[in-house]
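Understanding the architecture of this molecule
Now for the letters of each chain:
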Amino acid sequence: MLPSSEWFRVAGTAFACLGIVLSGFAMADDADDPGFVGFMAISAGLLFVGGWIFVPDVLTRAAHVFAIGGYIFYVGGIVASVAFASKILVIG
Amino acid sequence: MIEGISAPLQLSWIVDYVPDWLGPTLLGSGLLLVVFTFLSFSYSGDGDESTSLSVGTFALLSIGVGGGFLAVPLYRRYTFAFAAGLLLAGRWIEGVAATRLLTKVIRFFSGTGTGSLSGTLKRRLRRMAIVVLVLLLAGWTALWVVLFGPVVVSQTYDLTLIWTTLVGVLSLLGLGFKFTSVDNRVYLIEPRFVPMLLGLILAVTGAQLYNFEILQQVLVRRPVELNISLLDPLLLFAGQIVYLGGYYWSIRQRLREL
């Protein structure tokens, strides 16, 4: 049995947030500035800890905002795969 | 008895495939396969095995997995939107593939072709024979059910099951034939195209077998009751336009290459 839709929303939002934070780290790494990396680490930590302590349902609320990610995924998933398939049919 | 006679004949089974979970399951499985292939692309960058696992890769993977998770509730609630989108995607692919033979003929007469036209025609005939075989098998099975009674549940259910199987198999064969006729070298360049295309084929087949219930209309003209979703004719019309769009795009691309 699959978990509930709410579970998927919260888990999806958590992963998306983590990805955004990690991409911040990647950008800091590209900038080759150790100070920026430290700043990102402290900010991310404060964001998550602060969120969990002071606004316990922050992730659930954010899930509704991030739900748009699902729509992007829907459009991108179908359009990108069809674009690939069309290219293969034309060049093959 | 009187109620049985006065009740209208249900004709909704003509368009309702059975079992009704088959379409959404195939569609979801196909989409998952497509998503995992895309994630594997971002995991190893440009296909270079020596690519190290950087923070950027993990960030992309995390956003991808998050997007996938967020799409699950959306899929559960709006499965019809996924099915409609993939049906149109299937029509686009058909439109693109329809120009392949035309290009072969032009190349044959202009002397620029690399393969033989007779080989292409033989391949098409072989595939047509397979399709005819499937149609015959379905016809004989349906005749068996009509003459000797039901095998699974009831005559109506069994005939609908045969119809569902026929539509599903023909969809799988039709799309499969299109992608297997592509030059193998394309797949050798990037082997991960194969699972992605398999996912797309499964998803489009699932969309074919999806029973649309949105904007459901029940037309009662005794003794016949017809249940039909208004989305069916709308998609049929939109599908023709998308097919023409795919055909036009493909022709433009091919003429540029000739």
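The paragraphs below set out a description of the structure included in this document. (Residues numbered from 1 in each chain as written. Chains lettered and ligands numbered in written order. Predicted model: local features only at pLDDT ≥ 70, side-chain atom pairs only at ≥ 80, totals over all residues. Heavy atoms only, no water.)

1. A closer look at the overall build of chain B
- When you go through chain B residue by residue, the secondary structure sums to ten helices and three strands.
- Put simply, chain B runs from its N terminus to its C terminus through helices and strands in the order α-β-α-α-α-α-α-α-α-α-β-β-α.
- For chain B, the proportion of its 258 residues judged to be buried stands at 37%.
- Summarising the internal contacts of chain B: among those between residues at least 6 apart in sequence, 73% fall at separations of at least 24.
- Carbon together with sulfur atoms contributes 70% to the accessible area of chain B, which is approximately 15000 Å² in total. (Helix = DSSP H or I, 4+ residues; strand = E, 2+ residues; numbered from the N terminus. Buried < 20%, exposed > 50% of the residue type's maximum accessible area, 1.4 Å probe, protein only. Contact = heavy atoms within 4.5 Å. Areas by Shrake-Rupley, 256 points an atom, 1.4 Å probe, with all protein chains shown as cover.)

2. Re the pattern of salt bridges
All names here are of chain A.
- Summed over the entire model, instances satisfying the criterion amount to two salt bridges over all chains.
- A salt bridge links E6 to R9; the nearest nitrogen and oxygen atoms lie 2.9 Å apart. Of this pair, E6 and R9 both sit in helix 1 (residues 5–31), three residues apart, roughly one helical turn. (Salt bridge = Lys/Arg side-chain N within 4 Å of Asp/Glu carboxyl O.)

3. Description of the nonpolar core
- The biggest cluster of nonpolar side chains holds 39 residues, and the ones touching the most others in it are L27, L86, I93, F179 and F212 of chain B.
- Among the elements that take part in this core, helix 4 (residues 79–97) of chain B stands out by supplying nine residues, more than any other.
- What L86 of chain B contacts, discounting residues up to four positions off in sequence, is I78 of chain A together with L27, L31, L200, A203, V204 and A207 of chain B.
- Judged by nonpolar contacts, the second largest core, of six residues, contains L22, A28 and M40 of chain A together with A59 of chain B. (Core = buried A, V, L, I, M, F, W, Y, C linked by side-chain atoms within 4.5 Å.)

4. Focus on the side chain of T37 of chain B
All names here are of chain B.
- Examined against the element boundaries, T37 turns out to sit in helix 2 (residues 22–43).
- Judged by relative accessible area, T37 falls into the buried class, the value being 4%.
- Beyond its immediate stretch of four places on either side in the chain, T37 contacts R192, P195 and M196.

5. Overview of the environment of R91 of chain B
Residues and elements named next belong to chain B.
- Secondary-structure assignment places R91 in helix 4.
- A relative accessible area of 23% means that R91 is categorised as partly exposed.
- Separated by 65 residues in sequence, R91 and T156 place their C-alpha atoms 30 Å apart.
- Contacts of R91, omitting those with residues within four sequence positions, involve G239, Q240, V242 and Y243.
- Polar side-chain contacts of R91 include one of 3.4 Å to the side chain of Q240. (Polar contact = N/O pair within 3.5 Å; in protein donor to acceptor, adjacent residues only side chain to side chain.)

6. Side note on the packing of aromatic side chains
- Applying the stated rule across the entire model yields ten aromatic pairs over all chains.
- With a centroid separation of 5.9 Å and an interplanar angle of 50 degrees, the aromatic rings of W7 of chain A and F69 of chain B are classed as tilted. Note that W7 of chain A is positioned in helix 1 and F69 of chain B in helix 3 (residues 55–77), a pairing that runs across two chains.
- Given the relative accessible area of 45%, W7 of chain A is considered partly exposed.
- What makes F69 of chain B partly exposed here is its relative accessible area of 22%.
- Both rings, one in Y78 of chain B and one in F80 of chain B, keep their centres 6.2 Å apart while their planes meet at 75 degrees; by these two values the pair is edge-to-face.
- Members of the aromatic cluster, connected to one another through ring pairs, are W7, F8 and F15 of chain A together with F69 of chain B. (Phe/Tyr/Trp six-rings, centres within 6.5 Å; stacked < 30°, edge-to-face > 60°.)

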